[in-house]
Amino acid sequence: MNWDQIEGKWTEMKGKARSSWGEFTDDELDQIGGKKDQLVGKLQQKYGLEREEAERQADDWADKQ
């Protein structure tokens, strides 16, 4: 699924994101709003990932949706 589709269906996708990254709060998931750059930033902040690794995880997750 591409990021435009994920953003449009974010209400449905939040649960799947929570399954992959259980440390995100509901507020953080709302802030992400299906936007890749927001997800990458939160992954860096919450999990201490480098930008490249956070982008890889985000893209891998999107590809599986």
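- Going by an unreviewed UniProt entry, the protein carries the name CsbD family protein and comes from Vreelandella maris.

**Some thoughts on the pattern of salt bridges**
Turning to step 1, where the next piece is worked out: Evaluated as defined, the whole model comprises eight salt bridges.
Turning to step 2, where the next piece is worked out: The closest approach of N and O atoms between Lys-36 and Asp-59, which form a salt bridge, is 2.9 Å. Of this pair, Lys-36 sits in helix α4 (residues 36–47) while Asp-59 is found in helix α5 (residues 51–63), placing the two residues 23 residues apart along the sequence.
Turning to step 3, where the next piece is worked out: Since its relative accessible area comes to 27%, Asp-59 is described here as partly exposed.
Turning to step 4, where the next piece is worked out: Here Glu-55 and Arg-51 are joined by a salt bridge, their closest N and O atoms 3.2 Å apart.

About the thresholds
- Residues numbered from 1 in each chain as written.
- Predicted model: local features only at pLDDT ≥ 70, side-chain atom pairs only at ≥ 80, totals over all residues.
- Heavy atoms only, no water.
- Salt bridge = Lys/Arg side-chain N within 4 Å of Asp/Glu carboxyl O.
- Helix = DSSP H or I, 4+ residues; strand = E, 2+ residues; numbered from the N terminus.
- Buried < 20%, exposed > 50% of the residue type's maximum accessible area, 1.4 Å probe, protein only.

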